[in-house]
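The residues making up each chain are set out below.
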Amino acid sequence: MKLLITGIHGFVGSNMVAALSGRHEIYGLDIVAPDKEGVVKTFSWDDLDAGRVPDVDAIIHLAGKAHDTKNKSQADVYFKINTGLTQKIYDYFLQSPARKFIFFSSVKAAADSVEGDILDENITPKPIGPYGESKIRAEEYIRGRWDVDGKATYIFRPCMIHGPGNKGNLNLLHAVIRRGIPWPLGAFDNSRSFTSVDNLTFIMGRLLDSDAPTGIYNIGDDTPMSTNELIRTMCAAMEKKPRIWHITPGLVRFMASTGTLLHLPLNKERLRKLTENYVVDNSKIKRALGIDRLPVTSAEGITRTIRSFAAEKK
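Residues numbered from 1 in each chain as written. Predicted model: local features only at pLDDT ≥ 70, side-chain atom pairs only at ≥ 80, totals over all residues. Heavy atoms only, no water.

(A) Highlighting the pairing of strand E6 (residues 152–158). Of all 7 residues in E6, 7 are buried, a share of seventy percent or more. Burial of the side chains of E6 extends over both faces: Ala152, Tyr154, Phe156 and Pro158 are buried on one face and Thr153, Ile155 and Arg157 on the other. Sheet analysis places strand E5 (residues 100–104) next to E6, joined by 5 bridges and oriented parallel. Counted as the bridge partner of Phe103 is Ile155 from E6. Running through helix H4 (residues 130–143), the crossover from E5 to the neighbouring parallel element E6 is right-handed. By the bridge criterion, 5 bridges tie E6 to strand E9 (residues 215–219) in an arrangement that is parallel. Pairing of Arg157 across the sheet is with Asn218, part of E9. (Buried < 20%, exposed > 50% of the residue type's maximum accessible area, 1.4 Å probe, protein only. Helix = DSSP H or I, 4+ residues; strand = E, 2+ residues; numbered from the N terminus. Pairing = 2+ DSSP bridges. Right-handed = clockwise from strand over helix to strand, strands pointing away.)

(B) Here's a closer look at the environment of Tyr131. By the element assignment, Tyr131 lies in helix H4. Residue class for Tyr131 comes out buried when judged on its relative accessible area of 13%. In this structure the C-alpha to C-alpha distance between Tyr131 and Gly64, which are 67 residues apart in sequence, comes to 9.9 Å. What Tyr131 contacts, discounting residues up to four positions off in sequence, is Lys65, Ala66, His67, Tyr78, Asn82, Ser106 and Lys108. (Contact = heavy atoms within 4.5 Å.)

(C) Molecular detail of the packing of aromatic side chains. All chains considered together, the criterion is met by 7 aromatic pairs. Centroid distance Tyr154 to Tyr217: 6.3 Å. Interplanar angle 45°. Geometry classified as tilted. Here Tyr154, found in strand E6, pairs with Tyr217, found in strand E9; they are 63 residues apart in sequence, far enough to count as distant. A residue is classified by how much of its surface remains accessible, and Tyr154, at 0% relative accessible area, is buried. With a relative accessible area of 2%, Tyr217 lands in the buried category. Taking the ring centre of Tyr141 as reference, the NZ or CZ of Arg145 above it sits at 3.6 Å. (Phe/Tyr/Trp six-rings, centres within 6.5 Å; stacked < 30°, edge-to-face > 60°. Lys NZ or Arg CZ within 6 Å of the ring centre and 35° of its normal.)

(D) Local environment of helix H1 (residues 11–20). Burial of H1 is extensive: 7 of the 10 residues sit out of reach of the surface. Of the residues making up H1, those classed as buried are Phe11, Val12, Gly13, Asn15, Met16, Val17 and Leu20. Tucked inside the fold, the buried residues of H1 contact strand E1 (2–6), strand E2 (25–29), strand E4 (58–61), E5, strand E7 (161–162) and helix H6 (197–208).

As structure tokens, this is what we get:
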């Protein structure tokens with residue numbers, strides 16, 4: 001197939017090219033256009049407007065404004081990129097001969113926190129903040145137009161993606177562990193879903209070859225991990241002894257309440273984020289593609305990610 005991948009030079013895009021270029025002819029659409037192995041040519045958004053982008057069979061829309069955990073980005077930037085660019089490329093898809101469109105949204109478009117045991121696709125979306133709100137606005141635009149004969153549209157909602165080249169929150173936790181700083185929240189037992197980029201590219205390869213129905217699909221590894229398990233896995237990959245402190249939860253909550261009053265780094269909201277459950281149901285995409293189990297466990301993916309950090313430093 002001929003594929004057009006937006007945001008092709010990013011973390012997910014680079015992994016997607018590495019996984020798919022052996023079987024498909026790949027073109028890019030991005031704000032930068034360096035030569036990239038496995039990519040025939042990368043075009044600009046101006047090229048798209050001018051009709052210089054070749055016809056393709058499928059469009060994978062990765063380009064977007066990532067979630068800024070430091071909350072320094074202006075809200076309108078999220079809507080300009082996450083909503084506006086999605087509208088632009090989806091309008092292009094509808095007028096083009098392409099038969100498949102895959103939009104990378106986020107679980108944060110559905111819920112900032114999971115109410116109940118597990119998050120599935122039937123939830124009524126309640127995003128909080130401009131990142132999730134801009135993603136759900138893009139989803140709504142697509143869903144209002146996706147009933148077109150001969151075309152299939154897929155909205156992917158991945159949870160936190162990890163893998164070589166990752167630049168997100170996992171890097172921050174890796175830096176903490178590398179410096180020997182103890183994890184003080186070991187007494188909290190939580191469970192969170194992650195997405196190995198290897199599982200993501202595996203799903204994409206199967207989807208391109210399938211007749212899966214148009215729809216919204218959660219993307220995540222098969223088995224969630226607790227934060228304590230995550231730290232132990234990372235330490236094992238780094239050949240370090242895990243330093244996990246089990247401070248009484250009541251004392252930690254008191255410290256977080258004080259931090260809220262005094263505007264300290266550990267506050268009630270940050271404590272909730274660090275210790276909450278966020279488990280995602282991935283059964284719908286597996287049923288659609290006839291997959292029993294995904295090839296990579298979260299522990300295997302995390303190990304590969306952490307070892308890639310060490311390789312990058314060398």
